[in-house]
Amino acid sequence: MSINLKSLIPVLKAEWIGSDTDIFVDHISIDSRSLQNGSKTLFFALSGVNNDAHLYIPELIENGVQNFVVQYIPENCSGKANFLVVKNPLDALQEFAGYYRDLFDFPIIGLTGSNGKTIVKEWLNFLLSPDYNIIRSPKSYNSQVGVPLSVIAINGKHNLGIFEAGISTVNEMVNLEKIIKPTIGVLTNIGSAHDEGFQNLEQKINEKLLLFKQSEVIIYQKNEIVDLCLKEFLKDNDSAERQLFSWSFTDNSADVFILKKENKNDTTIIQYKYKGETFSLEIPFSDSASIENAVSCLLVLLYFMYDFGTIQNRMQMLYPVRMRLEVKNGINNCSIIDDSYSSDFQSLKIALDFLESQNKKNASKTIILSDIVQSGFSNEELYTKVAQLIADNKVNRVIAIGTTISSFAAKFSNCITFQNTTEFITQIESLNFNNETILIKGARSFQFEQIVSLLEEKTHETVLEINMDSISHNLNYYKSKLSDDVKIMVMVKAFGYGNGGLEITKLLEHHKVDYLGVAFADEGISLKNGGIKLPIMVLNPESTSFPSIIQYQLEPEIYSIKGLNAFLKIAREKNLKDFPIHIKLDTGMHRLGFEEHNLNELIETLKGNSSVKVKSVLSHLATSDEVKHFDFVLSQINLFDQLSSKLISALNINPIRHILNTSGISNFPNAQFNMVRLGIGLYGVSNDPAEQKYLENVGTLKSIISQVRTIPNGDSVGYGRRFMAEKETRIATIPIGYADGISRLWGNQVGFVVIKNQKASIVGSVCMDMLMVDVSHIDCKEGDSVIIFGESPTVIEMAEALKTIPYEIMTSISQRVKRVFFR
Ligand SMILES: *Cc1c(COP(=O)(O)O)cnc(C)c1O
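Cut-offs and rules
- Residues numbered from 1 in each chain as written.
- Predicted model: local features only at pLDDT ≥ 70, side-chain atom pairs only at ≥ 80, totals over all residues.
- Heavy atoms only, no water.
- Helix = DSSP H or I, 4+ residues; strand = E, 2+ residues; numbered from the N terminus.
- Rg over C-alpha atoms; globule rule 2.2 N^0.38 Å.
- Buried < 20%, exposed > 50% of the residue type's maximum accessible area, 1.4 Å probe, protein only.
- Contact = heavy atoms within 4.5 Å.
- Areas by Shrake-Rupley, 256 points an atom, 1.4 Å probe, with all protein chains shown as cover.
- Lys, Arg positive; Asp, Glu negative; His and termini not counted.
- Charge placed at Lys NZ, Arg CZ, Asp CG, Glu CD.
- Right-handed = clockwise from strand over helix to strand, strands pointing away.
- Pairing = 2+ DSSP bridges.
- UniProt positions renumbered as here; feature names shortened; annotations may be inferred.
- Near = heavy atom within 4 Å.
- Polar contact = N/O pair within 3.5 Å; in protein donor to acceptor, adjacent residues only side chain to side chain.
- Nonpolar A, V, L, I, M, F, W, Y, C, P; charged D, E, K, R; others polar.
- Domains from an automatic or database assignment.
- Buried area = accessible area lost by both parts, 1.4 Å probe.
- Salt bridge = Lys/Arg side-chain N within 4 Å of Asp/Glu carboxyl O.
- Phe/Tyr/Trp six-rings, centres within 6.5 Å; stacked < 30°, edge-to-face > 60°.
- Lys NZ or Arg CZ within 6 Å of the ring centre and 35° of its normal.
- Axes fitted to C-alpha atoms, helices over the stretch in contact; angles between N-to-C directions.
- Disulfide = S-S within 2.5 Å.

Draft legend 1. Fine view of the overall build of the protein chain. Each helix and strand in the protein chain was counted, giving 27 helices and 41 strands. The C-alpha atoms of the protein chain give a radius of gyration of 30 Å, which matches the 28 Å a tight globule of 823 residues would have. Seen along its three principal axes, the alpha-carbon backbone of the protein chain occupies a region of about 95 × 90 × 65 Å. Buried residues in the protein chain amount to 55% of all 823 residues. Nonlocal contacts in the protein chain, meaning residues at least 24 apart in sequence, comprise 66% of its contacts between residues at least 6 apart. Counting every atom, the protein chain has about 35,500 Å² of accessible surface; 48% of that belongs to carbon and sulfur. Charge centroids of the protein chain, computed over 79 positive and 94 negative side chains, lie 3 Å from each other.

Draft legend 2. Looking closely at the pairing of strand 28 (residues 579-585). Counting buried positions over the seven residues of strand 28 gives seven, a clear majority of the element. Neither face of strand 28 is exposed, since Phe-579, Ile-581, Ile-583 and Leu-585 on one face and Pro-580, His-582 and Lys-584 on the opposite face are all buried. Viewed along the sheet, the connection from strand 27 (residues 555-558) through helix 21 (residues 561-573) into strand 28 turns out right-handed. Looking at chain direction, strand 28 and strand 29 (residues 612-619) are connected through seven bridges and run parallel. Within strand 29, the residue paired with His-582 across the bridge is Ser-616. Remark: the strand 28/helix 22 (residues 599-606)/strand 29 crossover connection has right-handed handedness.

Draft legend 3. Fine view of the UniProt feature "active site" (unreviewed entry) in the protein chain. Under the UniProt annotation, the feature "active site" (unreviewed entry) is placed at Lys-493 and Tyr-719. Across 227 residues, the annotated set is spatially dispersed, with a maximum C-alpha separation of 35.9 Å. For Lys-493, the location among the structural elements is in helix 17 (residues 493-497). With sequence-adjacent residues up to four places away left out, Lys-493 is seen in contact with Gly-517, Val-518, Ala-519, Glu-523 and Leu-539. Among residues more than four places away in sequence, those in contact with Tyr-719 are Ser-765 and Cys-767.

Draft legend 4. Focus on the site of the ligand. Around the ligand lies a shell formed by Met-491, Lys-493, Tyr-497, Leu-539, Arg-591, His-620, Asn-661, Thr-662, Arg-677, Gly-679, Ile-680 and Tyr-807. In the model, an oxygen atom of the ligand is placed 3.1 Å from a nitrogen or oxygen of the Gly-679 main chain. Within the backbone of Ile-680, one N or O atom sits 2.7 Å away from an oxygen atom of the ligand. Against a free-state accessible area of 390 Å², the protein chains account for coverage of 94% of the ligand. Tallied by class, the residues present in the shell around the ligand amount to five nonpolar, four polar and three charged.

Draft legend 5. Quick look at the domain arrangement of the protein chain. When its domains are assigned, the protein chain resolves into domain 1 (3-92), domain 2 (104-251 + 287-312), domain 3 (327-455), domain 4 (469-683) and domain 5 (699-822). In this structure, domain 3 and domain 4 have C-alpha centres spaced 44 Å apart. Tallying the contact residues gives four residues for domain 3 and five residues for domain 4. At the boundary of domain 3 with domain 4, total buried surface from both sides reaches about 290 Å², with 41% on carbon and sulfur atoms. The tally of links from domain 3 across to domain 4 stands at zero salt bridges.

Draft legend 6. Expanded view of the UniProt feature "binding site: substrate" (unreviewed entry) in the protein chain. With numbering aligned to this structure, UniProt lists the feature "binding site: substrate" (unreviewed entry) at Arg-591 and Met-768. The greatest C-alpha distance among the residues just named is 33.8 Å, and with 178 residues of sequence between them they are spread in space as well. Structurally, the position occupied by Arg-591 is in the loop between strand 28 and helix 22. When its relative accessible area of 54% is taken as the criterion, Arg-591 is described as exposed. Ignoring any residue separated from it by four or fewer positions in sequence, one finds Arg-591 in contact with Asp-586 and His-620. Relative to the elements of secondary structure, Met-768 occurs in the loop between strand 38 (758-763) and strand 39 (771-774). Met-768 sits in the partly exposed class, given a relative accessible area of 43%.

Draft legend 7. Region of the structure containing the packing of aromatic side chains. Counting across every chain of the model gives 27 aromatic pairs. For the pair Tyr-132 and Phe-304, a centre-to-centre distance of 5.8 Å together with 85° between the ring planes defines the contact as edge-to-face. With Tyr-132 in the loop between helix 4 (117-128) and strand 9 (134-136) and Phe-304 in the loop between helix 9 (288-303) and helix 10 (308-315), the pair connects residues that are 172 residues apart, well separated along the chain. A relative accessible area of 23% places Tyr-132 in the partly exposed class. According to the relative accessible area criterion, Phe-304 is buried, its value standing at 18%. An aromatic cluster of three or more residues is present, and its members are Phe-44, Phe-96, Tyr-100, Phe-104 and Phe-106. Over the aromatic face of Tyr-319 sits the side chain of Arg-444, whose NZ or CZ is 3.8 Å from the ring centroid. Over the ring of Phe-752 we find Lys-759, and its NZ or CZ is 4.6 Å from the ring centre.

Draft legend 8. Quick peek at the environment of Phe-668. Here Phe-668 shows up in the loop between helix 24 (662-667) and strand 31 (675-678). In sequence terms Phe-668 and Phe-630 are 38 residues apart; their C-alpha atoms lie 9.3 Å from each other. Each residue touching Phe-668, except ones within four places of it in the same chain, is listed here: Ser-624, Phe-630, Val-633, Leu-634, Ile-637 and Leu-660.

Draft legend 9. The sheet that holds strand 13 (residues 243-248), seen in detail. Taken together, the nine strands give an open sheet; going across it, the order is 9-10-8-11-12-13-14-15-16, and neighbouring strands pair in mixed fashion. Two strands lie at the open edges of the sheet, namely strand 9 and strand 16 (277-283), each paired on one side alone. The mean angle between the axes of side-by-side strands here comes to 20°, regardless of whether they run parallel or antiparallel. As paired strands, strand 12 (residues 217-221) and strand 13 are joined by five bridges and run parallel to one another. Within the sheet, the bridge partner assigned to Ile-219 lies in strand 13 and is Phe-245.

Draft legend 10. Just the state of the cysteines, in detail. Going through the model one piece at a time under the given rule, you end up with zero disulfides. Cysteine Cys-334 is unpaired, with the sulfur of Cys-415 as its nearest cysteine sulfur at 18 Å. Taking relative accessible area as the criterion, Cys-334 reaches 4% and is therefore assigned buried. Left unpaired, Cys-780 is separated from the closest cysteine sulfur, that of Cys-767, by 18 Å.

Draft legend 11. Quick look at the environment of Leu-355. In this structure, Leu-355 sits in helix 11 (residues 345-358). The exposure class of Leu-355 is buried, given its relative accessible area of 0%. Residues Leu-355 and Met-173, spaced 182 residues apart in sequence, show a C-alpha to C-alpha distance of 32 Å. Setting aside anything within four residues of it in sequence, one finds Leu-355 in contact with Ile-337, Lys-365, Thr-366, Val-395, Thr-437 and Leu-439.

Draft legend 12. The arrangement of the environment of Ala-387 in detail. Relative to the assigned elements, Ala-387 resides in helix 12 (residues 379-392). Spatially, the C-alpha atom of Ala-387 lies 9.5 Å from that of Val-398, the residues being eleven residues apart in sequence. Not counting residues within four places of it along the chain, the set of residues in contact with Ala-387 comprises Lys-411 and Phe-412.

Draft legend 13. Examining helix 18 (residues 501-510) more closely. Along helix 18, the residues that are buried comprise Gly-501, Ile-504, Thr-505, Leu-507, Leu-508 and His-510. Looking one or two residues past helix 18, Lys-512 carries a phi angle of roughly 55°, positive in sign.

Structure follows, in structure tokens:
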């Protein structure tokens, strides 16, 4: 891509404020953190409700970015870069993508539906790639932002596109249609669930069909309701050219009628009737979602007029699709980003951005990369671009595996080559992986999963998965409740409520929260050591930790005259000036803080003292979620207002005032003062059921089945023989126990785990490292995945059954449980 910026002025309806000469860009970015941003980048400053990309522009200019699409020119930036000023940068990005799409004229498959879009897209890419140079949406880039970014990656060498479009409410598809303009439409599984954002199923289907406005064919699963919606759709979007191409398990008037599905172990034989003839093919899956997705692919292949033999050959090689990039702990203090199933240029760009965002301070960056199988470029062009991209991303060493990439090794700096994966594996020891963040990215045929398993740290199979996108979502939800200018402190004490301290904090820093709160100095020190620059308040500083608090620039909460004097003594010894402290007032919690009768002494001690500066005055609510105590809360808020005002006027200072925690934010919007302290809500838990539905689940505790056995009627399970089988019973053992933080109260048929979407009751007592469940009704085997908590059961449900609160369950998960972060 090389685009003359000025040619975009009419397309984006922009005002040009910048250089008089012609300027060309070849890269579009919306991510301020990407190391791929450079002088040829056009940066679209997208502003969410709570995250304004305009704030990053000064930094970006400093780093060499010169061209911006903005809503306004940020302070002190005019004259320093070129600006296309538009009404709304997101609309402009979409306009641009639509304009760019029109520069190309080849078939484009557009996928929409409620389930299966990404899988069908990946499978179609696999099935069609022997014959086409395909451009497809990376991962599940199917949103209002993801779709334009996907389409912008098209280049002149492509001759087929596959893009997915996802919507969550009405009026969204119109925008996506204009960008993708699919010539071939595929409606994947539509689901029967009542989605929020739509009044009913019909409305949802009607909206999705809008993607196919200009398609020459619509491929779909026939059923009454879709047929009705299609009829309406065709009335409004009449086109003589348009073909409907349907399939069904039940309706033999469909173009492709599935006569039979026969499961054999983990494969399925699908028998279908098409144009009067009967065929059968085998796919390596047995679950119903995979079968539906495979049939959607089958119809596309039939539409492309592939012969039966080719269809059969390719379909039997379908494989499970990984939906996301995963970070795993590696050997010798390495981190591993596992992208072992894909290799194309576009996904490499995304993976490198992810590598940067995950790289720990002082760790070096390594990429293990296979031959890139499809791209549309000549090898010379392709590997030149790849090498440039890797250099831009400041990757320290490159390990190239494959004959083609090896022959271009000279283009890469610090590159070691191997002809194939086996050769690499035999020499893996000599490569001394140590303290590196390693991106492992390879085409399927290279079987890089073998490399991942060798480099992965071997611990037990229980992991707590943390969804970083949900954290962003929840943060934005609470931010949206704040009045203008109210700051936000996020509580990351106790290892981010058990979810992971540094990783989450890095994300919060990106979101530009104002403050962090930890309980003890040690927690703050480890964040500072991890490179966190945000100010950090320490709630419970012990006087022995004051020297390290000062050394690490942490900010102590001071809650007593004794503590204040001890801190002032050290502050004077060290000649500190205006060292930030936070004054805690006790307004009714009766835990820590100055009381009303201490106030005069506090004022006297602080008056005229220049070694410390009161950055904030705070108090903590004893309750904020129980209506019966709301009068008490109001009295706390009043007392806080009164005491803090007195302090402020006596000392003539202007500190930040704050009292609200998560439930306080929800229930007392008038008491935000200058800042709020968000805790549990960030991690996806609200104390208010009505609010819970706006939050996304963050942590999922997962394990696997270690062993399955069948015991006869009358046998017992576990210590103390507390479960007695009353019939023949299948028992699965899961390697997680009370030492991992699973309460023993959750055993003995009180609690359950979820296996293959079904509940399995915990039988017998929870052991230290294991527990046993009844799986008589579940078709499962050793190695199958087990969910302990997450979407179901939620920690809230668990807490209710255990007569405790979600806070305790979350923070009890032992540090020996590996945390895995993903987006
Ligand atoms: C933990 C804590 C919070 C956050 O409370 P949540 O209920 O998790 O929002 C706020 N302020 C103080 C002083 C805390 O200790």
